[in-house]
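# Descriptive structure summary
Read off the chains here:
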Amino acid sequence: MKKIVFFILMCFVCEIYCNKKLLLKTKNNHVSFDNKQNKALDSLGLPKTFLFKPKFACSCILSTAKCNGFIYGNKTHTVMFDIRITNLGLEPVSCPMGEVNCCKYNNNNNNNNMPPKPKKCGERIIASNQLKINDQSAYGAYPWHAEIIDLNNQYIGAGVIIDDSHIITVAHLVYKLENKYKIRLGKWNRTSKTEQFLEVKPLSTKIHEAFNIELLFNDIAIIKIDRKIVFHNYVNINAACLPTAIPPSGIICWTAGWGKNNFTSDKYENILKEIDLPIVDHGTCEKQFQKTRLGSDFKLDSKTFICAGGQLGKDSCTGDGGGALICQPLNGRFEIVGLTAWGIGCGQQNVPGAYVHVYNYLDWLKRNM
C-alpha cells in the first residue's frame, strides 16, 4: 500500500515538474495558489490543481467586446500563466488591429480539441434580423466582399474572395496599380475604427492576357494575396463559390457595394449597400443598350458580359466596380455570377448593367490560381 501511495505521489510531482511553465508559480517555482489567484481561477472556471497540461481555446474579438474568459497578452489579468495557446490544436490566433485574443480553458473532453468544422464557400455565417435602412446590407451578409484601397487608404473599388489565397476583380480597376494597393476583408462600415477586418496585400495581380481597356473585353483579374485567410477566425469573412452554371433569365440575384447613390453623386457610401436585380438575357440586354447613346450598331460581347437590372432606381453605380453579382442556386450557397463592370448612367428604366461573365472564365481562373 505504501509503495502504491509513493508511486502516485511521485507521478504527481513529476507531472508538476514537467509542466511547471504551464502552472501557477511562486518565486521558488513551486505550485501554490493564494486567495487572489484562487479567485481568478474560479472566475475563469479553472481547476485548482492541474494534473494535465491546461489547454486554452482563443479567438479574436473586438477590443470593446466582452470576453467570457481572459484576454491573453493583457498584463492586468491576475493569472500568471506562461500560456501556450493551442487554439483548439491549431496555430495561435493572430488578431488584426482593434482586436484581442479572448481565451477560455478547455477541459479534457476530446470533442473540445477537435478542429472547427471548415466553412463552405458561399455561406453566410451570421444570421441577422437586423432592420435594414435605405438598402443597407446586414452586417456579415456579404463576407466575400473585399475593399480595395490605395496606399493612402483611399477607396478604389471592390473585389471578391474565391478561396483562402485569391481575390478576383475587374481588370480596369487594378491594371495600372503595379501591386501598389491594399485589400481589406470583412469590412461593412468603411469608416469604423473598431470593426473586425483583415488587411492583406497583393503578392501578384494577373490581368487577363486579352484585356481591352477601350472595349473592356476580358475585363477580369485575379489577385494572389500575401497570406492565407484563416476563415474559422472570422464570422464576417468567407469565400463565395465560383459558378456551376449560367443563371436563367429573370432569376433574382444580388450585388453589394459602397458605390455612389447615383451617377452625379460626389461621395461613396460608408455602409455596404445591397440591391436585388433580375438577370437579363443577352439579346434583350443588347437591344436595350442600342437604345442608349451607344447606338444601334453596338454589339455586346457575349463572352465577356452578362446583364442584370434595368429597373428604375435599382442598379450598381460608380465605385461598385469589381464587386460580385451573386445568385443562390438550390443548394443555398451563393455563387459569383458576375463582376460589376459598367453601365449607362445608374438606375435607369430598361437600361441594365453589364457584369463580367465569370462562368466563361472558369478555365482561365483555374489556370491562374
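It should be noted that the structure appears before, not after, this text.
Residues numbered from 1 in each chain as written. Predicted model: local features only at pLDDT ≥ 70, side-chain atom pairs only at ≥ 80, totals over all residues. Heavy atoms only, no water.

## Considering unusual backbone geometry
- For Asn218, which is not a glycine, the phi torsion comes out positive at approximately 55°.
- Residue placement: Asn218 occurs in the loop between β9 (202-207) and β10 (221-225).
- A residue is classified by how much of its surface remains accessible, and Asn218, at 9% relative accessible area, is buried.
- A positive phi angle is found at Asn350, which is not glycine, with a value near 60°.
- Take Asn350: its relative accessible area is 43%, and that puts it in the partly exposed class. (Helix = DSSP H or I, 4+ residues; strand = E, 2+ residues; numbered from the N terminus. Buried < 20%, exposed > 50% of the residue type's maximum accessible area, 1.4 Å probe, protein only.)

## Quick look at the packing of aromatic side chains
- In this structure the tally under the stated criterion is ten aromatic pairs.
- Connected via pairs of aromatic rings, a cluster forms that spans Tyr142, Trp144, Trp254 and Phe334.
- Here Arg124 stacks its cationic end above the ring of Tyr142, 5.0 Å away from the centre of that ring.
- We note Arg190 situated over the ring of Tyr155; from NZ or CZ to the ring centre the distance is 5.0 Å. (Phe/Tyr/Trp six-rings, centres within 6.5 Å; stacked < 30°, edge-to-face > 60°. Lys NZ or Arg CZ within 6 Å of the ring centre and 35° of its normal.)

## Digging into the sheet that holds strand β6 (residues 166-169)
- What the seven strands build is an open sheet, ordered β8-β7-β4-β5-β6-β10-β9; its pairing is antiparallel. Looking at which strands have only one partner, the edges of the open sheet turn out to be β8 (198-200) and β9. Each neighbouring strand pair of the sheet contributes to a mean axis angle of 30°, computed without reference to strand direction.
- Here two bridges tie strand β5 (residues 155-161) to β6, and the two strands are oriented antiparallel to one another. (Pairing = 2+ DSSP bridges. Axes fitted to C-alpha atoms, helices over the stretch in contact; angles between N-to-C directions.)

## Let's talk about the state of the cysteines
- One pass over the full model with this rule turns up three disulfides.
- Here Cys121 pairs with Cys241 through a disulfide, and the sulfurs are 2.1 Å apart. Around the S-S axis, the bridge from Cys121 to Cys241 shows a dihedral of about 95° and counts as right-handed. Here Cys121 is found in the loop between β3 (99-106) and β4 (145-149), whereas its partner Cys241 is found in the loop between β10 and β11 (252-257), with 120 residues between them in sequence.
- The exposure class of Cys241 is buried, given its relative accessible area of 7%.
- Note on cysteine connectivity: Cys253 is disulfide-linked to Cys327, with sulfurs 1.8 Å apart. (Disulfide = S-S within 2.5 Å.)

## Some details on empty space enclosed by the protein
- Enumeration over the complete set of coordinates arrives at two cavities of 30 Å³ or more.
- By volume, the largest cavity amounts to about 70 Å³.
- Lining the largest cavity are 13 residues, and of these Gly140, Tyr142, Gly186, Lys187 and Trp188 sit closest to its centre.
- Tallied by class, the residues present in the lining of the largest cavity amount to seven nonpolar, five polar and one charged. (1 Å grid on protein atoms, 1.4 Å probe; cavity = no way out; pocket = protein on both sides within 12 Å on 5 of 7 lines; lining within 4 Å. Points joined across faces, edges and corners; volume = space filled by probe spheres on them. Nonpolar A, V, L, I, M, F, W, Y, C, P; charged D, E, K, R; others polar.)

## Observations concerning the pattern of salt bridges
- One pass over the structure, following the stated rule, counts eight salt bridges.
- For Lys187, the salt bridge identified is with Glu195, shortest N-O distance 3.7 Å. Of the two residues, Lys187 and Glu195, both sit in the buried class.
- Connected via shared salt-bridge partners are Lys182, Arg184 and Glu199. (Salt bridge = Lys/Arg side-chain N within 4 Å of Asp/Glu carboxyl O.)

## A few points about the sheet that holds strand β12 (residues 273-280)
- A barrel is described by the order of its strands in space; here six strands give the closed sequence β11-β12-β13-β16-β15-β14, paired in antiparallel fashion. Recorded for the sheet is a direction-independent mean angle of 45° between the axes of neighbouring strands.
- By the bridge criterion, four bridges tie strand β15 (residues 335-342) to strand β16 (residues 352-357) in an arrangement that is antiparallel. From the neighbouring strand, Gly338 faces β16, where its bridge partner is His357.
- Across the sheet, helix α4 (residues 282-290) lies against β12, β13 (305-309), β15 and β16, angled at about 130° from β16, the strand it touches most. (Contact = heavy atoms within 4.5 Å.)

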